[in-house]
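Remarks on the overall topology
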Amino acid sequence: MDATKRIPEPKTLQEAITYFADPDRCFEFAKKLRWPDGNVICPRCSAAKNSFIKTRKLWFCYACKRQFTLKVKTIMEDSPITLDKWMTAFWLLANAKNGISSHELGRAIGVTQTTAWFMLQRIREVMKNRSFGPTKIGGEGNEVEVDETFVGGKVKNMHRARRVRFAAEEGFVGAATGKTIVQGILDRNLRKVRAAVVPNVTREVLQNEILKNVKFGSKVYTDNAVAYDNGMQRRFVHDVVN
Ligand SMILES: [Zn+2]
């Protein structure tokens, strides 16, 4: 049963702290915040097919064969701050009528003022963009350019320990070639760039990156017609440049 339905949502700060102290309830709350429609999407490859490993509260993606947690590719990913503190902070910020200072937040959830300030910055960004992950670029009528660059030697020159970690983190499979593939996406209007290391240049991988980073209605220019063909037309206005 849905853990969030067992008790009503908190109304006071004290209730919120108690509410999020329950790991299951906290998890369900965060899950709803991240995937409001209930469809859990892989944060790395955007595939929708996965299985949930209940005991460890993580998912296994059938497409990229990797596991992901709620925190992967969100503002919470690189912080040791626990999920209950993040959710209490979200709740506080959403419910505080007159705003909340980093001092107040720090005291409420038991972190330093500096940490609280860091959390507030990120949560405000999420609320403004209505998105947990990085914000999309492009938009109605914007021109977006996409290309892939093979960066030679980059991975090879890394210290071995770092290389192994890099491979594990990025799902890097191009070790045999010694090249790293970087897909760059430029919004010509906003002059904003997104760059991501991709494991290969298959249609699925490249299109998923675009779907993750570019808003619908953008004019997408690519030099790789094959990889971006098939289906892209329906979502974006698509042109090929060489
Ligand atoms: Zn995946």
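Computed from a predicted structure; not experimentally measured. (Residues numbered from 1 in each chain as written. Predicted model: local features only at pLDDT ≥ 70, side-chain atom pairs only at ≥ 80, totals over all residues. Heavy atoms only, no water.)

1. Remarks on the overall build of the protein
For the protein, the count of helices and strands is nine helices and eight strands. Taking all 242 residues of the protein together, 40% fall into the buried category. Considering only residue pairs separated by 6 or more positions, the protein has 55% of its internal contacts joining residues 24 or more positions apart. Surface summary for the protein: the accessible area is close to 14,100 Å², and the carbon and sulfur share equals 52%. (Helix = DSSP H or I, 4+ residues; strand = E, 2+ residues; numbered from the N terminus. Buried < 20%, exposed > 50% of the residue type's maximum accessible area, 1.4 Å probe, protein only. Contact = heavy atoms within 4.5 Å. Areas by Shrake-Rupley, 256 points an atom, 1.4 Å probe, with all protein chains shown as cover.)

2. Remarks on the packing of aromatic side chains
Per the counting criterion, the structure on display carries 11 aromatic pairs. Their ring planes at 15 degrees and their centres at 5.6 Å tell us that W59 and F68 sit as a pair that is stacked. On the accessibility criterion, F68 (1% relative accessible area) is buried. Three or more aromatic residues joined by ring pairs make a cluster, and in this case those are F27, W35, F52, W59 and F68. Above the ring of Y62, the side-chain terminus of K49 is found at 5.7 Å from the ring centroid. Seen from the ring of Y221, R188 lies directly overhead, with NZ or CZ sitting 4.4 Å from the centre. (Phe/Tyr/Trp six-rings, centres within 6.5 Å; stacked < 30°, edge-to-face > 60°. Lys NZ or Arg CZ within 6 Å of the ring centre and 35° of its normal.)

3. Regarding the pattern of salt bridges
A full pass over the atoms with the stated rule returns four salt bridges. Linking D24 and K57 is a salt bridge whose minimum nitrogen-to-oxygen distance equals 2.9 Å. One end of the pair, D24, is in helix 2 (residues 23–34); the other, K57, is in the loop between strand 1 (50–53) and strand 2 (58–61), with 33 residues separating them in the sequence. Here D24 falls in the partly exposed class, since its relative accessible area comes to 41%. Put simply, E143, E145 and R188 are held in one network by salt bridges that share partners. (Salt bridge = Lys/Arg side-chain N within 4 Å of Asp/Glu carboxyl O.)

4. Here we look at the sheet that holds strand 3 (residues 67–68)
The sheet built from three strands is open, its strands ordered 1-2-3 with antiparallel pairing. At either margin of the open sheet sits one strand with a lone partner, and together these are strand 1 and strand 3. (Pairing = 2+ DSSP bridges.)

5. Points about the environment of G110
Residue placement: G110 occurs in the loop between helix 4 (102–109) and helix 5 (113–129). Along the backbone, G110 and K85 are 25 residues apart, and their C-alpha atoms lie at a distance of 8.4 Å.

6. A few points about the environment of W35
Note that W35 resides in the loop between helix 2 and strand 1. Among the residues examined, W35 registers a relative accessible area of 9% and is labelled buried. Linking W35 and L70, residues 35 residues apart in sequence, is a C-alpha distance of 9.7 Å. With near-sequence residues (within four places) excluded, W35 lies in contact with V40, I41, W59, F68 and L70.

7. Concerning unusual backbone geometry
One non-glycine residue with positive phi stands out, namely K65, at about 60 degrees. As for its placement among the helices and strands, K65 is situated in the loop between strand 2 and strand 3. Despite not being glycine, R191 has its phi angle at roughly 55 degrees, a positive value. Position of R191 relative to the elements: it lies in the loop between strand 5 (179–187) and strand 6 (192–198). You can call R191 exposed: its relative accessible area is 60%.

8. Some remarks on the nonpolar core
Counting residues in each nonpolar core, the largest one holds 38 residues, and the members touching the most others are F20, F68, W86, M87, L105 and M119. When residues of this core are traced back to their parent elements, those giving at least two are helix 1 (13–21), helix 2, strand 2, helix 3 (83–95), helix 4 and helix 5. For this core, the element with the highest residue contribution is helix 3, accounting for eight residues. Core analysis: the next-biggest nonpolar cluster, separate from the first, contains seven residues, V146, I185, I210 and V220 among them. (Core = buried A, V, L, I, M, F, W, Y, C linked by side-chain atoms within 4.5 Å.)

9. Focus on helix 2
Each α-helix turn comprises 3.6 residues. Residues three or four places apart therefore point the same way. A rise of 1.5 Å per residue sets the reference length of helix 2, with its 12 residues, at 16 Å; its end C-alpha atoms lie 16 Å apart and thus fit the reference within 8%. Every buried residue of helix 2 is listed here: R25, C26, F27, F29, A30 and R34. Close packing links the buried residues of helix 2 with helix 1, strand 1, strand 2 and helix 3. Between the side-chain oxygen of the N-cap and the backbone nitrogen of D24 there are 2.9 Å, and the N-cap of helix 2 in question is D22. (Expected span 1.5 Å × (residues − 1). Polar contact = N/O pair within 3.5 Å; in protein donor to acceptor, adjacent residues only side chain to side chain.)

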